[in-house]
Amino acid sequence: MLTEIHQQLEQLARFSSTDGPGVTRVLYSQVDQDARNYLKQFCLQRGLEVREDTIGNTFARWVGKKPQLPAVGTGSHIDAIPESGKYDGTVGVLGGLHAIILLQEQGFLPDRSIELLLFNAEEPTRFGIGCLGSRVISGQLPAASVTQLKDQEGVRFDKWRSKAGFSGDIYSCQLSKDYYHAFVELHIEQGPILEAIEKDIGVVTKIAAPSSFSIQLTGEGGHAGCVLMPDRKDAGCAAAEIVLAVEEIAQLSTSPDTVATCGIVKLEPSAVNSIPKAAYLEVDLRDTQVATRDQVLKEIEHRVVEICRKRNVAFDFKMLNRDPPAACHQSIIDRIRLNSDALGYSHQLMISRAYHDSLFMAQLCPTAMIFIPSRGGVSHRPDEYSSPEQIEKGVRVLAATLKDLSDANTVIS
Ligand code: HGY
Ligand code: MN
Ligand code: MN
């Protein structure tokens, strides 16, 4: 299994719309379609029943002896933000497939069906909202809101969806609460902890509360040489001050878990000798506690008002997402720990600072996550890396946990 997964991860990374060294694979792009087709063929080869919902979430089901029972789900995403790594999400999709293969090769046949999920898009790149597929599946994002989504050029969701070959009623994507018995996601840690404490497996107890918002700033353009400084309404300077204010307010937060980043800053008309008439910012703000996060959000809003009033710049503040954290299910956590011990792997209970599709699957059914170490804690960069050995340990713990959960007598309470 060691080499096969690694070869498949390397091949998946070639489905990228940029030449490298990073991977770029955005929802509904051609490379996204190609990567899905590449994975679907392996699922079919293994006798899994493959279906896609109307927005592109893909389900590959290993039908169990008692198919009428709620299934056990596993999986993750394969979309990748611009110039990012090979392992974010893909380890959970290929790892889920190889966990099923491992069990098949052991001659095991589950009571409950085990279903591999390839969520349509976990990254916010295309439509500005993360976990699109799992939000819809879990009923956290109504169909009416999905059809309103537009990309940065104003192209509507449905245009992209149909271009990628998907159509039909979006409401039908929502799964009932008894569709899954449990859901377990294997993922890279994307942080430095497991490597620093030399542990093989991270057992996630909680997924932090993410939020993001945009700020559209409107000042007054003009000639960079002829408008004197006191007469300016420079949207670019307002943006710069806000970027630094976001950092400062997050640093001064009472919680060490508060993190904030202005990942998108765009100026118009973006000409060296023209005063920026407009600026567009997108801010990512998180904390493990909602109250702390929302307190920081309020302080940022106040500071934006102050800065824009001082600079005589108009602003439009728009929340893009503001989600609660998710607690992983204790009885699945216990099983992951027992299986790690039984396999002789060290493990560590930990919080996930990154969000994942499990954040929303936890609204649907008992959910938990298994982490493997990230070299140098690096992620969302081309040098993101987890070794074949680390991936294999994650797959083996996942396989053992899926085996447990698929037993008809396993109670999750
Ligand atoms: O941003 C995140 O936390 C995730 O990796 N998309
Ligand atoms: Mn990511
Ligand atoms: Mn991810």
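Before reading on, note that the structure itself is shown above.
Residues numbered from 1 in each chain as written. Chains lettered and ligands numbered in written order. Predicted model: local features only at pLDDT ≥ 70, side-chain atom pairs only at ≥ 80, totals over all residues. Heavy atoms only, no water.

1. Re the coordination of the manganese ion (ligand 2)
1) Next: Within the protein, the atoms that donate to the manganese ion (ligand 2) are Asp88 (OD), Glu123 (OE) and His380 (NE2), at distances of 2.1 to 2.2 Å.
2) Next: We note that the donor set of the manganese ion (ligand 2) lies within a single chain, spaced as D-x34-E-x256-H.
3) Next: Among the residues examined, glutamate 123 registers a relative accessible area of 6% and is labelled buried. (Donors = N, O, S within 2.8 Å, 3.2 Å for Na, K, Ca; no water. Buried < 20%, exposed > 50% of the residue type's maximum accessible area, 1.4 Å probe, protein only.)

2. Describing the pairing of strand β2 (residues 49-52)
1) Next: With four bridges joining them, β2 and strand β3 (residues 58-62) adopt antiparallel strand pairing. Looking at the pairing, valine 50 lines up with alanine 60 of β3.
2) Next: Where β2 folds back onto β3 in an antiparallel hairpin, the turn is made up of five residues, including glycine 56, whose phi is positive at roughly 105 degrees. (Pairing = 2+ DSSP bridges. Helix = DSSP H or I, 4+ residues; strand = E, 2+ residues; numbered from the N terminus.)

3. Digging into the sheet that holds strand β14 (residues 314-322)
1) Next: Within the open sheet, the four strands sit side by side as β11-β13-β9-β14. Their pairing is antiparallel. A strand with exactly one partner marks an edge of an open sheet, and here the two such strands are β11 (259-268) and β14. Taken over all neighbouring pairs, the strand axes of this sheet differ in orientation by 15 degrees on average, direction set aside.
2) Next: In the sheet, strand β9 (residues 209-218) pairs with β14 via eight bridges, with the strands oriented antiparallel. (Axes fitted to C-alpha atoms, helices over the stretch in contact; angles between N-to-C directions.)

4. Thoughts on the coordination of the manganese ion (ligand 3)
1) Next: Within the first shell, the manganese ion (ligand 3) binds the protein through His77 (NE2), Asp88 (OD) and His187 (NE2), at distances of 2.1 to 2.3 Å.
2) Next: Site description for the manganese ion (ligand 3): donor spacing in sequence, H-x10-D-x98-H.
3) Next: In this structure the manganese ion (ligand 2) is found 3.6 Å away from the manganese ion (ligand 3), and aspartate 88 serves as a bridging donor for the pair. Of this pair, histidine 77 sits in strand β4 (residues 71-77) while histidine 187 sits in strand β7 (residues 180-188); the two residues are 110 residues apart in sequence, bridging distant segments of the chain.

5. Here's the deal with the environment of leucine 320
1) Next: Within the fold, leucine 320 resides in strand β14.
2) Next: Owing to a relative accessible area of 22%, leucine 320 belongs among the partly exposed residues under this scheme.
3) Next: Between the C-alpha atoms of leucine 320 and phenylalanine 127, which are 193 residues apart in sequence, the distance is 9.9 Å.
4) Next: Leaving out residues up to four positions away in the same chain, leucine 320 has contacts with Gly128, Ile129, Ser212, Phe213, Ser214 and Glu282. (Contact = heavy atoms within 4.5 Å.)

6. Let's talk about the pattern of salt bridges
A side chain of one charge can pair with a side chain of the opposite charge if their charged atoms are brought near each other.
1) Next: If you walk through the whole model with that rule in mind, you get 20 salt bridges.
2) Next: Between arginine 161 and aspartate 158 there is a salt bridge; the shortest N-O distance is 2.7 Å. With arginine 161 and aspartate 158 both in helix α6 (residues 157-163) and three residues apart, this pair spans about one turn of that helix.
3) Next: For arginine 161, a relative accessible area of 6% puts it in the buried group.
4) Next: Residue class for aspartate 158 comes out partly exposed when judged on its relative accessible area of 32%.
5) Next: Ionic pairing is found between aspartate 404 and arginine 335, a salt bridge with its closest N-O pair at 3.6 Å. Taken together, the residues span a long stretch of sequence, with aspartate 404 in helix α12 (residues 388-405) and arginine 335 in helix α10 (residues 330-342) at a distance of 69 residues. (Salt bridge = Lys/Arg side-chain N within 4 Å of Asp/Glu carboxyl O.)

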